[in-house]
Every structure is written in structure tokens, then in C-alpha cells.
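Geometric and topological summary
Here are the chains, one letter per residue:
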Amino acid sequence: MSTETTSITDGLDLISPHGYAEHGPPHDTWARLRAESPVHYCEPAGFEPFWAVTKYSDIFDISTHPERFLSEPGITVLTAAQQEALETSAFGSMRTVIGMDPPEHWAVRKVANRVFTPRAIHELDDEIERSARELVDHLAGESGEGECDFATDVAAAHPLRILSSMLGVPREQEPDILRLTNQLFALDDPELQREGEDRQQAIMELGMELYTMFDTIIQDRRACPRDDLATVLANGRVDGEPMGMMETVGYYLIIFSAGHDTTKNALVGGMQAFLQHPDQLAALQRDPSLIDRAVDEITRWTSPVNYMKRTAAADAVVGGRQISAGDSLVMFYASANRDEDVFDDPFEFRIDREKNRHLGFGVGEHYCLGANLAKRSQRALWLELASRLESIEQIGEAERIHSAFVVGLKHLPVRYRIRPAG
Ligand code: HEM
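Once a new chain begins, its residue numbering starts again from 1 and follows that chain's sequence as written. Per-residue local features of the predicted model are confined to residues with pLDDT of at least 70, and side-chain atom pairs are confined, for both listing and counting, to 80 or more; whole-chain, interface and lining totals are unaffected and use all residues. The side-chain values count all of the structure's non-hydrogen atoms but skip hydrogen atoms and water molecules.

Overview of the layout of surface pockets
One number sums up the size of the second largest pocket: a volume of about 480 Å³. Using a grid of 1 Å spacing that covers the protein atoms alone, one calls a set of points a cavity when a 1.4 Å probe fits there but cannot get out, and a pocket when the set is open and has protein on both sides within 12 Å along at least five of seven lines; lining residues are those with an atom within 4 Å of a point. In this structure, the second largest pocket is lined by 23 residues; those nearest its centre are Pro25, Gln272, Trp301, Thr302 and Arg400. Elements represented by at least two residues in the lining of the second largest pocket include exactly helix 14 (245-276) and helix 16 (291-302). In this text, helices come from DSSP runs of H or I with a minimum length of four residues, and strands from runs of E with a minimum of two, each type numbered from the N-terminal end. Residue contributions to the lining of the second largest pocket peak at 5 residues, all from helix 14. Side-chain classes follow a simple rule in which Ala, Val, Leu, Ile, Met, Phe, Trp, Tyr, Cys and Pro form the nonpolar group, Asp, Glu, Lys and Arg form the charged group, and the remainder, Gly included, forms the polar group. Looking at side-chain class alone, the lining of the second largest pocket contains 10 nonpolar, 10 polar and 3 charged residues. Grid points are joined across faces, edges and corners, and a volume is the space filled by probe spheres set on the points.

A few points about the coordination of the iron atom of the ligand
For a metal with four tetrahedral donors the ideal donor-metal-donor angle is 109.5 degrees, whereas six octahedral donors ideally subtend 90 or 180 degrees. In this structure the iron atom of the ligand is ligated by exactly one protein donor, Cys368 (SG), at 2.3 Å. You can see cysteine 368 is positioned in the loop between helix 17 (333-336) and helix 18 (371-388). Water is not part of the atom set, so a site may look incomplete; the donors themselves are N, O and S atoms within 2.8 Å of the metal, or 3.2 Å for Na, K and Ca.

A few points about the confidence of the model for the chain
For every residue, the pLDDT score states the predictor's confidence, bounded by 0 at the bottom and 100 at the top. Per-residue pLDDT for the chain averages 91, and the proportion of residues at 70 or more is 93%. Residue contacts are counted whenever heavy atoms from the two residues lie within 4.5 Å of one another. When the criterion is pLDDT under 50, residues 1-5 qualifies, and its contacts beyond four places in sequence or with other chains add up to 14 contacts.

Some points on the nonpolar core
Working definition of a nonpolar core: buried Ala, Val, Leu, Ile, Met, Phe, Trp, Tyr and Cys residues. They are joined through side-chain atoms within 4.5 Å. To sort residues, take the accessible area from a 1.4 Å probe on protein chains only and compare it with the maximum for the residue type: under 20% means buried, over 50% means exposed, and anything in between is partly exposed. Formed by 81 residues in total, the largest nonpolar core has its most connected members in Phe116, Tyr251 and Trp382. Broken down by element, this core gets its largest block of residues, 13 residues, from helix 14. Residue contacts for tyrosine 251: discarding those within four places in its chain leaves Val97, Val108, Arg109, Val111, Ala112, Leu233, Met243 and Leu369. Grouped together as the second largest cluster of nonpolar side chains are 41 residues, Val39, Val77, Phe343 and Val406 included.

Observations regarding the packing of aromatic side chains
Pairs were defined over the aromatic rings of Phe, Tyr and Trp, the Trp ring being its six-membered one, requiring ring centres within 6.5 Å. Orientation was assigned from the angle between planes: stacked under 30 degrees, edge-to-face over 60, tilted for the rest. With the rule as written, the count across this model stands at 12 aromatic pairs. Taking 5.5 Å as the distance between ring centres and 50 degrees as the angle between the ring planes, the aromatic pair formed by tryptophan 301 and phenylalanine 349 counts as tilted. Of the two residues, tryptophan 301 sits in helix 16 while phenylalanine 349 sits in the loop between helix 17 and helix 18, which places them 48 residues apart along the sequence. The exposure classification of tryptophan 301 matches that of phenylalanine 349, with both residues buried. Each member of the aromatic cluster is reached from another via a ring pair, and the members are Phe150, Phe274, Trp301, Phe349 and Trp382. Geometry around phenylalanine 343 places arginine 300 over its ring, the cationic atom sitting 5.3 Å from the centre. In this scheme, Lys NZ or Arg CZ marks a charge over a ring once it lies within 6 Å of the ring centre and within 35 degrees of the ring normal. Positioned above the aromatic ring of tryptophan 301, the side-chain terminus of arginine 338 is 4.1 Å from the ring centre.

Points about the side chain of serine 164
Mapped onto the secondary structure, serine 164 falls in helix 10 (residues 157-167). Of the residues examined, serine 164 reaches a relative accessible area of 0% and is grouped as buried. When residues no more than four places from it in sequence are discounted, the contact partners of serine 164 are Val169, Glu174, Ile177 and Phe256.

Regarding empty space enclosed by the protein
This structure, assessed with the given rule, holds 1 cavity of 30 Å³ or more. Counted as a void, the largest cavity has a volume near 30 Å³. Along its surface, the largest cavity is lined by Leu139, Cys148, Phe150, Leu385, Leu389, Ile392, Val414, Tyr416 and Ile418. Elements with a contribution of two residues or more to the lining of the largest cavity: strand 11 (389-394) and strand 14 (413-418). Element by element, the count of residues in the lining of the largest cavity is highest for strand 14, at 3 residues. Its residues placed into classes, the lining of the largest cavity shows 9 nonpolar, no polar and no charged.

Thoughts on the site of the ligand
Definition of nearness: a residue and a molecule or strand are near each other if at least one heavy atom of the residue lies within 4 Å of the molecule or strand. The environment of the ligand is made up of 28 residues, and the closest members are His105, Arg109, Arg310, His366 and Cys368. Any pair of N or O atoms that falls within 3.5 Å is considered a polar contact. Within protein, one atom must be able to donate a hydrogen and the other to accept it, and sequence-neighbouring residues count only if both atoms are side-chain atoms. In this structure, an oxygen atom belonging to the ligand sits 2.6 Å away from a side-chain N or O atom of histidine 105. Between tyrosine 333 and the ligand, the recorded distance is 3.3 Å, taken from a side-chain N or O atom to an oxygen atom. Every element with two or more residues in the shell around the ligand is listed here: helix 6 (104-113), helix 14, strand 7 (307-312) and helix 18. With 6 residues, the top contributor of residues to the shell around the ligand is helix 14. Broken down by class, the residue content of the shell around the ligand amounts to 16 nonpolar, 9 polar and 3 charged.

Some words on helix 14
Expected helix span is given by 1.5 Å per residue-to-residue step, counting one fewer step than there are residues. Taking 1.5 Å per residue, 32 residues should reach 46 Å; helix 14 reaches 46 Å between its end C-alpha atoms and fits that length. A large share of helix 14 lies buried, amounting to 26 of its 32 residues.

A word on the sheet that holds strand 10 (residues 328-332)
The pairing criterion is simple: DSSP has to find at least two bridges between the two strands. Judged by pairing direction, the sheet is mixed, and its 5 strands sit side by side in the order 1-2-10-7-3 without closing on themselves. If you trace the sheet from one side to the other, it starts and ends with strand 1 (39-42) and strand 3 (69-70), each paired once. As paired elements, strand 7 and strand 10 share 5 bridges and run antiparallel to each other. Paired with methionine 308 across the bridge in strand 10 is methionine 331.

A closer look at the side chain of arginine 34
Among the structural elements, arginine 34 can be located in helix 3 (residues 27-36). Its relative accessible area of 5% is what places arginine 34 among the buried residues. Engagement of the side chain of arginine 34 in a polar contact is seen with the backbone oxygen of arginine 338, the distance being 3.2 Å. The residues contacting arginine 34, other than those within four sequence positions of it, are Thr54, Lys55, Ser335, Arg338, Asp339, Glu340 and Phe347.

Notes on the environment of glycine 19
For glycine 19, the position within the fold is in helix 2 (residues 17-23). Here glycine 19 falls in the buried class, since its relative accessible area comes to 18%. Distance from glycine 19 to histidine 402, taken between C-alpha atoms, is 7.8 Å for residues 383 residues apart in sequence.

Written out as C-alpha cells, the structure is:
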């Protein structure tokens, strides 16, 4: 890998979980990188070196050439200690679709593909809408007035309910699964991470607990198949052979973990955007037919999956820079989604934005398996809120998660008036 760096950044502000918690996504640095050094060599202290890729066109190019830019060596940038802890935990031996390359990737992805088509997700609409209605009814109570933490009480609860029912997690276990996914994503967040002085031990225990929970459901669906996603996954076959136990548990894990925090962060980030741009909430309330564009704009604006890493399979040229085989490339979707060459006024939040070709769900081989579900889930909650919300204001500080990978808010205290049920 080249050792050249420029003074714009050593990369730490792009990747440090604590930087995201304190300052939010580094949009100023990304804007400079897009203009001056779109494929930029970084050597952040404590992390592996990588190329920061910040332009839409380069990210598109890398993502659509999965045979040249691999996912298998790893999709996140970790510290050496995290890398070691993950390798020695139950996660180390769990291989999931998001970390596989062609041709294996497609064979495994096919197992769940049919459950996530627009038609299949449409069949879940009643359930998704019921979850949204029940949550908003609960917020409204009898008086229609109240206060809540929109992040935990609404944004986390909605995808939790939907994914739990899809994956066959019994309702009484929903709080456990929420705690475990929070711990998984917030390895660096002092409030959310699993307790324990010994971080390696804590991650190992987390892996075991998740494994046990999913294993129970898988055994049940193998013994007594039902008409649900849990059964499809538990009995999945790859190239005619039943999937191994690690692959099967890995599928559960990836769907739950990839689906929950991302949707939650889009919802809570969307609410923050509406609070900061009340005219946009009013526009949705006046014209609910804007909903699909609004959901896309919220996904572009919040970019809950901040980045994905790839590894060059062979020497390559990306954005005019010479990349060596084995180099890591980190594709910052949040930067691509503000690329001035692709979006008009990228720093404006506009729910009627047309032709919104954002990369919030990625592109190419690994394009988000759950994109339809994520959109329908958001759609239902925003429509329910927009039709009943009379007022909403922020009443305390918004707090960000200590994470540079799946990014967003963990707290957003609000006071509201909502039209009660009925
Ligand atoms: C707003 C919500 C969501 C966002 C922003 C999001 C974003 C992404 C992105 C950027 C990728 C591409 C990864 C890559 O190229 O390496 C991805 C892949 C994936 N997502 Fe999502 N996602 C969301 C919701 C969901 C949901 C609800 C599910 C499942 C229920 C899900 C399951 C997956 C899976 C399984 C993959 C891997 C696909 C593959 O490797 O072929 N996601 N997601």
C-alpha cells in the first residue's frame, strides 16, 4: 500500500466511534476529500490502514465489481483488540451472506431472497401497519399528550416487533433480543455495550447468548415447519445441501442485526430531521403521497450504514489511484449521498426530492436484502404519525451512538400531542 498521506486527514475522524458520538458524521472532511483527494490513503492510530473512498462514482464502481473487491476478508474497520476478540468468540466461526464473495455469495443469498421480494413483503403490510398503529396508540394514550424518548420508545420498538415476528422470536423474548443487538452494534458505546472488564470475555458471552436463542428457534422450525421466514431459513439448502448450523445461525444473526439498528437509526434520524425542518413534516402531513420519496430522502440524509469495507483481490486503479492487492478500501456511503456531482443541493433535506439515487442501501452484489422491508416499515410509521401528530418538540439533548459503522442517535427526548385512537 502507498505510504503517501496528505494533510486533510489521517483517517481517525472518519473511523473513530467516539468522534461520531461527539461530533456526528465528519461531513466537512468528506467534502474536502471529495474535492481534493477522493481516494485517500489513511493510517489512523490504532486501526488498520485503509483507502477512504468518498465519491459516488468510485463507490458504485467498487460495489459492482465484487470479484475484484472482496467482502470476505472483512467489512468493518476494527482495532487489533476487537479483531482478536471477534475471532475468538462464537462470531468468528459464523459466516454470513454479507461477508461472502461470488459465486458462494449468490448461492447463499438465494435462500432468503424470495422472502424479501416486494410481493412477499407486501404480504406483511398488515402486520407492519399494526405495529405502527399500536405504537402510536400507545404514545397517544388517553389524553393524546406525552413525552418519550423517540429513539428507544418508538424507533427501536417498531423494527424489533416486525423482525421478531418474521424470525419467530416469541414476544416475551423481544427485550432480550433488543439488548443483545444493541450490545452487538455498540461494542464501543459505554452505555450500550455488554458489561464486563474483560472485553474479550464479554463478546464471547454475547455470541453464546445469541447463538443459544436462535438455535432454539431453528431446532423448533426444523421439527415443526410453519409458514414463516424462520422456517425458510432453518431449512435452507445451498447447492442442494442443507445449510450448516453456523451458516443458519449466521443468517438469523445477520438479518436481525442488519435489519434492526439500521431501520431504527433511519427512523430516529428522520424524526430529528423533521424536528429541524418542520416545514418538511408539514409538507408530508399535507400530502401523504410524498411518502415514498420522503423515505428515500430520510435514508439518504441519515445514511445509517456509514460505510462498508472491501479488500482489493489484485492490483487495481480506483479514482486514478494505484491500489495494491490486499489493500483495504472503505466506501463511505454517507459521503457519496452528499456528492455534489450527483445530488442538487445535497445538504438540503427535501422530502420531495426526485430521482434520488442514493446509496443508503448499497448497490450491486450485496444490495440490501431487506431494503423493501426497511422501506415498508418506515413508510407505515411515518404515515401513522403524519396523520395523527398535532405537535412535536425536542425537550432534551439528542445523544449519538459511539459507532462509526451503523451510525445514529440513541436518545431523542420529545414532547408531543397526538390524536388518540379511534
Ligand atoms: C434503513 C435500513 C437499512 C439500511 C440503511 C441498510 C443498508 C444496507 C447496506 C448499505 C447494505 C450493503 C452492504 C454491502 O454492500 O456490503 C446492506 C446489506 C444487507 N442488508 Fe440492509 N439495510 C437496512 C435494513 C435492512 C433490513 C430491514 C434487513 C433485513 C431484514 C437488512 C438485511 C441486509 C442483509 C442480509 C444484507 C447483506 C446482503 C448481501 O450481502 O447480499 N437490511 N444493507
